[in-house]
Amino acid sequence: MYSNQWQRWLTSIGGALSLRTMNGLQNSLLELVRRTSAEIPDDVHKAILDSLEREKQGTIAASAMKIIEQNIALAKNKSQPICQDTGSIIFYVDCPQGFDQLGFEQAAREAVKLATKKGYLRQNSVDSITGKNDGTNVGPGSPAIHFHQHASPEVSVRLVLKGGGCENVGAQYSLPNEKLKAGRDLDGCRKAILDAVLQAQGKGCGPGILGVCIGGDRATGYEFSKQQFLRKLEDSNPNPELDKLERDIVETANKLGIGPMGFGGKTTLLGTKIGVLNRLPASYFVSISYMCWAYRRQGVTLDSNGGIQKWLY
Amino acid sequence: MAPNRSGRPLTPPSMTLLLHHSVSAMIELSTPVSEAAVRGLKVGDEVGITGTLFTGRDAVHKYLYDGGQLPPGVNLKGGILYHCGPVIIKDEQGNWKCVAAGPTTSIREEPYQAQIIRDLGLRGVIGKGGMGEKTVEACKQYGCVYLHAVGGAAQVLAECIKRVPNVYFMEKFGAPEAIWEFQVVSFPAVVTIDAQGNSLHKEIFAASQAELAKYV
């Protein structure tokens, strides 16, 4: 059923990845972390350049966008973190049936430790009770790895690094919300999302990108809102109503005058992506994750030795 | 900003404010900074700082607030405190080198900042995201400004740090929380809280809230 190229992944069905594949995989994940931390993906870079163009010359908003643009170039050239907060480390793995998930987890943890030693990641993971930082970035919940089995032999790995400043301005609304006059419909969702933009101001290091989930429960809602960051900024939502809402949120947010860093200006959001999950009749959550301009997201497909075959963004 | 019954802010929307905040020229600021120089700054001014910065974040603020003394060598009278947990390495010659140094979120220091501005005689605090009423009041009363650096611009800002002569409280607080001494040249920041009681953060919030009311 699968071509020869994929035989090696499949020999691992019910068993561990071979040592050779483990080494290849670890090196690939290390390179994925390096590139994600140091390089802005093309779609986001394009949106940042567009907004630099849009801001009025001679304003502090334009100055901020210029510094952001210089920072993107410097980080790439020096192969150093775009932002010193290298964030939560979140892997999304699409894999065939029988793929060795335990082996992958082990390779990912080793790659994260090595990336931290090399300075691609800051020592950024702290024991929540003792406050101790063992300097490895590996511990309960770190890195986070989400596996998704699919009916294809391909293995692809996407990585998002999300800093604390923007994570802190995320919000979850339970509709109806009387204060916002937000009911249980798309207009109510719109009011909740725009309120989150207002409350965030520049504190999440704007111009930002919103990942939104309508529905789900309190946990799956936030989780799915983050998954929206895997979409490319220029794509369209396949649901025409949601596509319209996504465009409307960006357009309206950019009329509010919050601007880059909250300095005032024309660019408050670079994009909004909305996903939907079923909900219980009793619940109506709108979960909003905010991504800073330093939108660190990359992905690769892997060959049968665990090597990088193709970059996804 | 307390909303009135209609949910609108009490202050009229000052969208003209956005037009006022254009940059004429970068204002050079050297440390130590005089009170007159600080009083002359206004919200929206872009500054380039040259001289000495000391970093301090959560642990340092709590320590100073609780009456802790600065170590010998750290003189913040007329000085500028930077809310920053940098990434620093030792180079081949054994010198500290700053590789990433963007601002951290300042609002966490709001409970402590006003007293520290008063006690140490700070003339500037650099961070991101703005600060609250107590700090705005302290800036006005004692002659200090809040300087907003571009969040996330860790590489551009690290380039402005030419030397890292000293670190204090390394053992006590660990690397990100220690007091690092930075020699900087033309470190860019924007005045977002001035010594006249103005806060860009407050103004933009009120203006954007009023604007949003038109669209929902």
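Above this text sits the structure in question.
Our subject in this report is the structure included herewith.

The rules we used
- Residues numbered from 1 in each chain as written.
- Chains lettered and ligands numbered in written order.
- Predicted model: local features only at pLDDT ≥ 70, side-chain atom pairs only at ≥ 80, totals over all residues.
- Core = buried A, V, L, I, M, F, W, Y, C linked by C-beta atoms within 7 Å.
- Buried ≥ 20, exposed ≤ 12 C-beta atoms within 10 Å, placed from the backbone.
- Domains from an automatic or database assignment.
- Contact = placed C-beta atoms within 7 Å.
- Axes fitted to C-alpha atoms, helices over the stretch in contact; angles between N-to-C directions.
- Helix = DSSP H or I, 4+ residues; strand = E, 2+ residues; numbered from the N terminus.
- Parallel < 35°, antiparallel > 145°, perpendicular 65-115°, else oblique.
- Left-handed = near helix turned anticlockwise from the far one by under 90°.
- Nonpolar A, V, L, I, M, F, W, Y, C, P; charged D, E, K, R; others polar.
- Pairing = 2+ DSSP bridges.

It is worth spelling out the nonpolar core at this point. Val33(A), Ile193(A), Val145(B) and Leu147(B) are the most contacted members of the largest nonpolar core, which has 148 residues in total. Residue assignment places this core across two domains, with domain 1 (4-39 + 82-163 + 296-311) and domain 2 (165-291) of chain A each supplying three or more. The contact partners of Leu147(B), leaving out residues within four places of it in the chain, are Val47(B), Gly124(B), Val125(B), Ile126(B), Ala189(B), Val190(B) and Val191(B).

Residues and elements named next belong to chain B. Remark: helix α3 (residues 58-65) packs on helix α4 (residues 110-120), axes separated minimally by 9 Å, with the N-to-C direction vectors making an angle of 60°. Taken together, the axes of α3 and α4 lie oblique to each other. In the crossing of α3 with α4, the sense of the turn from one axis to the other is left-handed. For the pair α3 and α4, contact is made by His61, Lys62, Leu64 and Tyr65 and by Tyr112, Gln115 and Ile116, respectively. For the contact of α3 with α4, a count of residues per class yields four nonpolar, two polar and one charged.

Counting residues at the interface gives 39 residues for chain A, matched by 39 residues for chain B. Mapped onto the side of chain A that touches chain B, the elements with two or more residues apiece are α4 (60-78) and α7 (186-200) of chain A. If you tally residues by element for the side of chain A that touches chain B, the top one is α4(A), at ten residues.

Residues and elements named next belong to chain A. Ordered in space as β4-β7-β5-β6, the four strands form an open sheet in which the pairing is mixed. The open sheet has two edge strands with one neighbour each: β4 (171-174) and β6 (269-276). Looking at each pair of strands side by side, their axes are set apart by 15° on average, direction ignored. Bridge count between strand β5 (residues 208-214) and β6: seven bridges; the pairing is parallel. Pairing of Leu210 across the sheet is with Thr272, part of β6. Contacting β4, β5, β6 and β7 (285-291), α7 runs over the sheet at an angle of about 35° to β7. On top of the sheet, helix α9 (residues 240-253) reaches β5 and β6; it is set at about 150° to β6, its chief contact.

Turning to the sheet that holds strand β2 (residues 144-149) of chain A, a few remarks are in order. Residues and elements named next belong to chain A. Read across the sheet, five strands follow the order β2-β1-β3-β8-β9 without closing on themselves; strand pairing throughout is mixed. Pairing within the sheet leaves two strands with one partner each, and these edge strands are β2 and β9 (308-311). Neighbouring strand axes in the sheet, compared pairwise and without regard to direction, differ in orientation by 20° on average. Bridge analysis of strand β8 (residues 296-302) against β9 gives three bridges, and the strand direction is antiparallel. Within β9, the residue paired with Leu302 across the bridge is Ile308. Contacts from helix α2 (residues 19-38) reach β3 (155-162), β8 and β9, with the element oriented near 155° to β8.

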